[in-house]
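The residues making up each chain are set out below.
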Amino acid sequence: PHLAALVLARGGSKGIPLKNIKLLAGVPLIGWVLRGAIDAGVFHSIWVSTDHDEIEKVAKQFGAQVHRRSPEVSQDSSTSLEAIREFLNHHHEVDIVGNIQATSPCLHPSDLIKVADLIQKEGFDSVFSVVRRHQFRWSEVKKGENKMTEPQNLNPAKRYRRQDWPGELYENGSFYFAKRHLIEKGYLQGGKMAYYEMRAEHSVDIDIDIDWPIAEQRVLSFGYFGKEPLKEVKLLVCSIEGCLTNGRIYVTEDHKEMISYDYRDIVGIDLLKKRGIQVRLISERDCSKTLSAMQLGCVAKVSATNKLQVLKDWQEDMGLSWKEVAYLGNEESDVECLKQAGMSGVPADACAAAQKAAGYICKSSGGCGAVREFAEHIFLLLEKVNSARKQ
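Residues numbered from 1 in each chain as written. Predicted model: local features only at pLDDT ≥ 70, side-chain atom pairs only at ≥ 80, totals over all residues. Heavy atoms only, no water.

- Under the annotation held in an unreviewed UniProt entry, the protein chain carries the name N-acylneuraminate cytidylyltransferase and is attributed to Oxyruncus cristatus.
- Recorded in UniProt under Catalytic activity (unreviewed entry), the annotation for the protein chain is "an N-acylneuraminate + CTP = a CMP-N-acyl-beta-neuraminate + diphosphate".
- Heading Sequence similarities (unreviewed entry) of the UniProt record for the protein chain holds this comment: "Belongs to the CMP-NeuNAc synthase family." (UniProt positions renumbered as here; feature names shortened; annotations may be inferred.)

## Section: the pairing of strand β10 (residues 235–239)
Right, on to step 1. With 5 of its 5 residues buried, β10 lies for the most part within the structure.
Right, on to step 2. Side chains L235, V237 and S239 of β10 all project onto a buried face; the interleaved residues L236 and C238 project onto the opposite face, where all are buried too.
Right, on to step 3. Here 5 bridges tie β10 to strand β13 (residues 278–282), and the two strands are oriented parallel to one another. Counted as the bridge partner of L235 is Q278 from β13. (Buried < 20%, exposed > 50% of the residue type's maximum accessible area, 1.4 Å probe, protein only. Helix = DSSP H or I, 4+ residues; strand = E, 2+ residues; numbered from the N terminus. Pairing = 2+ DSSP bridges.)

## What to know about the pairing of strand β5 (residues 65–68)
Right, on to step 1. Where strand β4 (residues 45–50) meets β5, 4 bridges bridge the pair, whose relative direction is parallel. Bridge assignment links W47 to a residue of β5, and that residue is Q65.
Right, on to step 2. Of the crossover connections in this fold, the one passing from β4 over helix α2 (residues 53–61) to the parallel β5 is right-handed. (Right-handed = clockwise from strand over helix to strand, strands pointing away.)

## Quick word on the packing of aromatic side chains
Right, on to step 1. Taken as a whole and assessed by the stated rule, the structure comprises 8 aromatic pairs.
Right, on to step 2. Through a chain of ring-to-ring contacts, three or more aromatic side chains come together here, namely F43, F175, F177 and Y196.
Right, on to step 3. The residue whose ring lies beneath K192 is F124, and the NZ or CZ to ring-centre distance is 4.7 Å. (Phe/Tyr/Trp six-rings, centres within 6.5 Å; stacked < 30°, edge-to-face > 60°. Lys NZ or Arg CZ within 6 Å of the ring centre and 35° of its normal.)

## Things to note about the sheet that holds strand β15 (residues 325–328)
Right, on to step 1. Overall, parallel pairing links the 6 strands, which are arranged β14-β13-β10-β15-β16-β17 in an open sheet. Single-partner strands in this sheet number two, and they are β14 (299–301) and β17 (360–361).

## Looking at the confidence of the model for the protein chain
Right, on to step 1. Confidence along the protein chain averages 89 in pLDDT terms, with 96% of residues attaining 70 or more.
Right, on to step 2. Element-level mean pLDDT values for the protein chain span from 74 in strand β12 (residues 257–258) up to 97 in strand β1 (residues 3–8). (pLDDT = per-residue confidence, 0-100.)

## So, the domain arrangement of the protein chain
Right, on to step 1. We note that the domain assignment places domain 1 (3–134 + 164–222) and domain 2 (235–389) within the protein chain.
Right, on to step 2. Just the C-alpha atoms count here: the centres of domain 1 and domain 2 sit 35 Å apart.
Right, on to step 3. Interface of domain 1 and domain 2: buried area, both sides summed, is about 850 Å²; carbon and sulfur atoms make up 59% of it.
Right, on to step 4. Our count for the contact surface shared by domain 1 and domain 2 stands at 1 salt bridge.
Right, on to step 5. Among the salt bridges present, the one from K363 reaches E216, with a minimum N-O distance of 3.4 Å.
Right, on to step 6. Our enumeration of links across domain 1 and domain 2 arrives at 1 residue pair in polar contact (both at pLDDT 80 or more).
Right, on to step 7. For the side of domain 1 that touches domain 2, the leading source of residues is helix α6 (residues 212–222), giving 5 residues.
Right, on to step 8. Looking at the side of domain 1 that touches domain 2, its residues break down into 5 nonpolar, 4 polar and 1 charged. (Domains from an automatic or database assignment. Buried area = accessible area lost by both parts, 1.4 Å probe. Salt bridge = Lys/Arg side-chain N within 4 Å of Asp/Glu carboxyl O. Polar contact = N/O pair within 3.5 Å; in protein donor to acceptor, adjacent residues only side chain to side chain. Nonpolar A, V, L, I, M, F, W, Y, C, P; charged D, E, K, R; others polar.)

## So, the state of the cysteines
Right, on to step 1. Applying the stated rule across the entire model yields 0 disulfides.
Right, on to step 2. Looking at C243, it has no disulfide partner, and the nearest cysteine sulfur is the one in C238, 5.0 Å off.
Right, on to step 3. Among the residues examined, C243 registers a relative accessible area of 0% and is labelled buried.
Right, on to step 4. Of all cysteine sulfurs in the structure, the one in C243 sits closest to C362, which takes part in no disulfide; the separation is 8.2 Å. (Disulfide = S-S within 2.5 Å.)

So, in structure tokens, the structure goes:
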């Protein structure tokens, strides 16, 4: 049976404009779930259903196919079921749909693999995600009603301690898998049903965690970052023009060149060094005099005609794995380096090819704090590595 992953990503959003591709911890929100779906390796096809050009562009960058949904199922009042049924009407090869919510960025491939087994090997018709919660419920008393609230799942005289109560299961909206015949009848849940209990720390819903910085911290702590385990970064290579600087060159009347840089980036480099991370700089131009004037104390390679070869030479000389190398670039000449490095980033104003190749897109532009921001991202991921080691 053809199992298709389907992410519904409408362009309209009442809460956050274009929320589905808004950067979350340096990655478009939809990218987190697409990465997990692709690496799960259980889907015959992976689709994004959207009505928006920019979402289509991002979806394709992450390796998904795109179904352009009609205006009829792109309204505020449109339901997920309507959009899924329209998708099936255009894709008769699909037998099972795994509807994955774009707003659940902590979804891991291991969850999707187990759910696929429930559908394909154990014969369930539908499987949906739940999370266990330990919350006491009380009946609602509406204004003007002359009655008292009543306990719904507890005895107030014998309140459970958390460790003595198994809690209750709630849908968390992360995914809904269902066979075609159910969906065509108007159901996402039905037939032989099963729930899949997700770990509480992986149950992050942006529709609820509307405070974006809090959601970012959750994703950095519990999100899925790829098949290979993270390693401690030991080298950051940074392109000078467009990353450390804004790429502008000012020429005086006596033909001297001047550039500008952000002091926050210099602080970021110093912080990296204090954490034992080497910082090296690279440029296609001969900017030796500029680097000397900046007094950064970093190894640098200027007039680099082949940035990837320079990066490989440094990686081999230091005896590092690629997972221990980070790269910050912004131009097409940086693309292969961004693909090779274990951790990669670009400023907000990097070219489209560099953005597509990078794992992290800064909120800051080149020469305006992007290096410091990428340094902070490295520190957060190092905390994740250290936490994994302790576990």
